[in-house]
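A closer look at the structure
Residue-level listing of the chains:
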Amino acid sequence: MFRTASAARRAVLNRRVPRQYPFSTSGRDVPTQAELLDDLSSRGFISQVTKSEQLQNFLRDQSRVVYSGIDPTATSLHVGHILPMMCLVHFQIRGHQVISLIGGATSLIGDPSGRSTERPLMEEALVQDNMMKLTASVQRFFERAHGYAEKRTPLLGTTHPPPRVMNNIDWFRGLGVLEFLRVAGTAARVNTMVARESVQSRLNTQQGISFAEFSYQLLQAYDFLALYEKAGCTIQVGGSDQWGNIIAGLELIGRANEPQDSAADGRDRAYGITTPLLTTASGAKFGKSAGNAVWLNEQLTSVYDFYQFFMKTNDEDVGRYLKMFTLLPLEHIEQVLEDHKKRPEERIAQKLLADEVTELVHTAQGVKHATAITKVLFDTDVSTVNAEEVLDALADDPRLFFIPADEMYGTTVLKLAVNHNITKSTSAAKSLVSMRGLYLNGRAVEANAKVHPEDLIDGRLVIVRAGKDKHAVFAIQT
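Residues numbered from 1 in each chain as written. Predicted model: local features only at pLDDT ≥ 70, side-chain atom pairs only at ≥ 80, totals over all residues. Heavy atoms only, no water.

We now examine the overall build of the protein. Helix and strand counts for the protein come out as 20 helices and 13 strands. Here the protein holds 478 residues, and the buried ones make up 52% of them. Taken as a whole, the protein presents about 21600 Å² of accessible surface, with 50% of it coming from carbon and sulfur. (Helix = DSSP H or I, 4+ residues; strand = E, 2+ residues; numbered from the N terminus. Buried < 20%, exposed > 50% of the residue type's maximum accessible area, 1.4 Å probe, protein only. Areas by Shrake-Rupley, 256 points an atom, 1.4 Å probe, with all protein chains shown as cover.)

Turning our attention to the packing of aromatic side chains. Per the stated rule, a full pass over the model turns up eleven aromatic pairs. Measuring from ring centre to ring centre gives 6.2 Å for F310 and F325, while their planes differ by 80°; the resulting arrangement is edge-to-face. With a gap of 15 residues between them, F310 in helix α13 (residues 303-311) and F325 in helix α14 (residues 315-325) connect regions that are remote in the sequence. A residue is classified by how much of its surface remains accessible, and F310, at 0% relative accessible area, is buried. Against the face of F58 rests R64, its NZ or CZ located 3.5 Å from the ring centre. The aromatic ring of Y439 is capped on one face by R465, whose charged end is 4.0 Å from the ring centroid. (Phe/Tyr/Trp six-rings, centres within 6.5 Å; stacked < 30°, edge-to-face > 60°. Lys NZ or Arg CZ within 6 Å of the ring centre and 35° of its normal.)

With that settled, consider the side chain of D317. Examined against the element boundaries, D317 turns out to sit in helix α14. The exposure class of D317 is buried, given its relative accessible area of 2%. Ignoring any residue separated from it by four or fewer positions in sequence, one finds D317 in contact with T279, T280 and A281. (Contact = heavy atoms within 4.5 Å.)

Let us look at the sheet that holds strand β12 (residues 461-466). For sheets, the rule is that strands pair by backbone hydrogen bonds, running either parallel or antiparallel. Pairing is mixed across the open sheet formed by five strands, whose spatial order is β9-β13-β12-β10-β11. Edge positions in the sheet fall to β9 (400-403) and β11 (443-444), since each has one partner strand and no second. (Pairing = 2+ DSSP bridges.)

Moving on, we get to helix α12 (residues 243-256). For an α-helix, the turn length of 3.6 residues means that residues three or four places apart are oriented alike. With 14 residues, α12 should reach 20 Å at 1.5 Å per residue; the first-to-last C-alpha distance of 20 Å fits that figure. By the burial criterion, the buried members of α12 are G244, N245, I246, I247, A248, G249, L250, E251, L252, I253, G254 and A256. (Expected span 1.5 Å × (residues − 1).)

This part is about the pattern of salt bridges. All chains considered together, the criterion is met by 18 salt bridges. One salt bridge in this structure joins R320 and D317, with 2.8 Å as the shortest N-O distance. On the criterion of helical spacing, the pair formed by R320 and D317 is a turn pair, its members being three residues apart in helix α14. A salt bridge links D355 to K351, with the nearest nitrogen and oxygen atoms 2.9 Å apart. Highlighted residues: D355 and K351, both in helix α16 (residues 348-378), separated by four residues, approximately one helical turn. On the basis of relative accessible area, D355 is assigned to the buried category, the value being 18%. Residue K351 is classed as partly exposed on the basis of its relative accessible area, which comes to 41%. Overlapping salt bridges, with partners in common, bring together K151, R152, E356 and E359 in one network. (Salt bridge = Lys/Arg side-chain N within 4 Å of Asp/Glu carboxyl O.)

Turning our attention to the packing of α14 against helix α15 (residues 330-342). Following both chains from N to C, one finds α14 and α15 inclined at 165°, their axes separated by 10 Å at the closest point. Taken together, the axes of α14 and α15 are roughly antiparallel relative to one another. Every pair of crossing elements has a handedness; the one defined by α14 and α15 is right-handed. Where α14 approaches α15, its residues D315, V318, G319, L322 and K323 are matched on the opposing element by L330, I333, E334, L337 and H340. A per-class count over the contact of α14 with α15 returns five nonpolar, two polar and three charged. (Axes fitted to C-alpha atoms, helices over the stretch in contact; angles between N-to-C directions. Parallel < 35°, antiparallel > 145°, perpendicular 65-115°, else oblique. Left-handed = near helix turned anticlockwise from the far one by under 90°. Nonpolar A, V, L, I, M, F, W, Y, C, P; charged D, E, K, R; others polar.)

For helix α3 (residues 52-61), every residue scored as buried is listed here: L55, Q56, F58 and L59. The arc enclosing the buried residues of α3, seen along the axis, measures out at 165°, which places them on a common side. Residues E53 and D61 are exposed on α3 and point more than 90 degrees away from its buried face. Where the residues of α3 are buried, they touch α2 (36-42), β1 (48-49), α4 (82-92), β5 (235-239) and β6 (271-275). (Arc of directions from axis to C-beta.)

An order of β1-β6-β5-β2-β3-β4 is seen for the six strands of this open sheet, with the pairing classed as mixed. In this open sheet, the two strands that pair with only one neighbour each are β1 and β4 (164-167). Sheet topology note: the strand β2 (residues 65-70)/strand β3 (residues 97-102) ladder contains six bridges and is parallel. Each bridged residue has a counterpart across the sheet, and for Y67 the counterpart in β3 is I99. Seen against the sheet, α12 touches β1, β5 and β6 and runs at an angle of roughly 170° to β6.

The subject of this paragraph is the nonpolar core. Across soluble globular proteins, nonpolar side chains have a tendency to be buried as a group. In this structure, V79, I82, F91, F141, F306, F310 and F325 are the most contacted members of the largest nonpolar core, which totals 64 residues. Examining the composition of this core, we find that nine residues originate from one element, helix α5 (residues 124-152), more than from any other. Apart from residues no more than four positions distant in its own chain, F325 is found in contact with I82, L83, M86, L278, F286, F310, V357 and L360. Counting residues in hydrophobic clusters, the runner-up holds 37 residues, among them V65, F172, M193 and I247. (Core = buried A, V, L, I, M, F, W, Y, C linked by side-chain atoms within 4.5 Å.)

A large share of β12 lies buried, amounting to six of its six residues. Alternating positions in β12 separate into two faces, L461, I463 and R465 on one and V462, V464 and A466 on the other, with burial throughout. Both strand β10 (residues 438-440) and β12 contribute to a ladder of three bridges, which runs antiparallel. Bridging from a neighbouring strand, Y439 pairs with R465 of β12. Strand direction decides the pairing type here: β12 and strand β13 (residues 470-476), joined by six bridges, are antiparallel. Note on β13: the bridge partner recorded for V462 is F474. Between β12 and the antiparallel strand that follows it, β13, lie three residues; G467 among them carries a positive phi value of about 70°.

Here is the structure:
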C-alpha cells in the first residue's frame with residue numbers, strides 16, 4: 001500500500017511526531033514472554049497475527065509497548081470492550097506498557113469497518129464530553145483489573161508500568177492537510193485502499209462510501225505511526241474488522257522508517273494482532289441485553305444487572321467467556337466445565353463467570369452487593385434477609401423505591417406493581433395474579449392483597465416479584 005518514503009517526507013514526520021520516550025522500554029528482565037502469544041491463543045483472543053514467530057522472539061527480548069484504540073461514541077466502556085481490554089491486561093501483567101488510544105479525532109470521521117451504512121457525524125462538543133468520561137472509564141477499568149490480577153495470577157516481570165490513556169487529537173489537531181498528505185498520502189496506493197474489505201463491502205451498496213470514510217484507514221495508519229515515533233509502540237491490537245487498518249499502519253511505519261540498508265525489511269519494526277468479533281452461540285452480537293448495551297459504569301447498568309447478564313450466559317458460551325474474561329488458570333476452568341456438565345442445573349460455570357467478571361469490573365464489593373441482591377430477589381425464604389444489607393446493596397438501584405407509609409399500606413400489591421412499572425399494565429398484573437405469578441416476600445398474592453405491618457422485613461421493606469425476574473423492593477420513606 002505504501003511506497004518508499006522520501007527524505008522530505010521523513011523530515012515532515014520527524015517534525016510532527018518527534019521521538020520521545022516517556023517511559024523506559026529496555027533493560028527489563030521479563031520472563032516467560034514467549035508464552036504470551038500461546039496463552040492468548042489458548043484463551044481464544046487471537047484471530048490473526050502478523051509474523052507470529054518473529055513476534056514471539058520480539059516479546060522475549062524485552063518489554064514492549066502495545067496499544068488498542070477506542071472510539072468515544074459513548075461516555076463509558078461496555079462489555080463488548082472487555083475482550084480487547086483483557087488482551088491488554090495480559091500484556092501488562094507480563095511487564096509490557098499498554099496504551100488505550102481514544103479516537104478523539106478519528107471519531108469525527110467514523111470508521112467504515114463492519115458498517116453497511118455511513119455513521120452519522122458526531123458533534124464535536126459531544127465527542128469532547130465523551131472523551132473525558134471515557135478516559136475515566138478506561139482508567140478505572142485498568143485500576144480495578146490490576147487489583148483483580150494480583151489475586152489471580154503472579155504478576156510476571158519486574159515492573160508493571162501503569163497503563164496510559166492517550167488521544168489522537170493530540171497529533172491531528174493543527175496537522176495541516178498538505179502535511180498529512182506528504183507523510184501518509186504520498187505513500188498510499190489507491191488500488192490497495194480500494195481493495196480493503198471495509199471499502200469493497202460499501203462500494204457494492206447503493207449508498208457507496210464517502211471520501212471521509214474512505215480516508216479513515218490513512219488516519220488510523222497515522223495513529224500507529226505517531227505512537228511508534230512518540231511512544232515506541234510496536235504492537236497494535238484490534239478487532240478482526242480492523243485487520244486492513246492495522247496492515248496499513250504497519251506498512252506506513254515500515255516505509256516511513258525504511259532503513260538505508262535495502263536488504264533489511266522496514267516492516268519488521270512493528271506487529272499487529274486482531275481479536276475475534278465476539279458473538280453468542282446463537283449468532284447474536286455479544287454485549288446486548290434485551291437490545292440494550294451492558295455498560296461497565298454502574299450508573300448506566302447496575303452491578304446487579306451486570307452480574308445477571310453473565311449469569312444468563314448459555315452453556316455453549318460460558319467456557320469461552322471464562323477463558324477470555326477471567327485470569328483463572330485454564331486447567332481450573334476445564335475442571336469447572338467438567339463439573340458443570342455433570343450438574344448443569346446448578347449453573348456452576350455461570351456463577352463463577354459472573355463472580356469473576358463482576359470482581360474484575362466492580363471489585364469484590366460489587367460481587368458482594370450483586371450476590372446479596374440475587375439472594376434477596378430470588379430466594380423464597382426471606383427469614384434470613386437483613387433490611388440494612390438490602391438497602392446498602394440496592395443503593396442507587398432502580399429497583400429500590402422509597403414510598404410513604406400510607407401508600408405502602410393503603411395500596412394493593414397489584415397496584416404497587418403497576419404504579420412502579422413492575423408490570424406493563426393492570427391487565428397484565430391481573431393475569432399474573434390469576435396464574436399465581438405475583439409475589440410478596442416470596443408468597444403468591446391475590447388481586448386485593450395489601451401490605452401489612454407484619455409483612456415488613458425488619459419493619460422497613462417488602463420485596464415484590466412479578467413473574468420470574470421482575471423485582472422491586474419497597475421501603476418506607478422516613
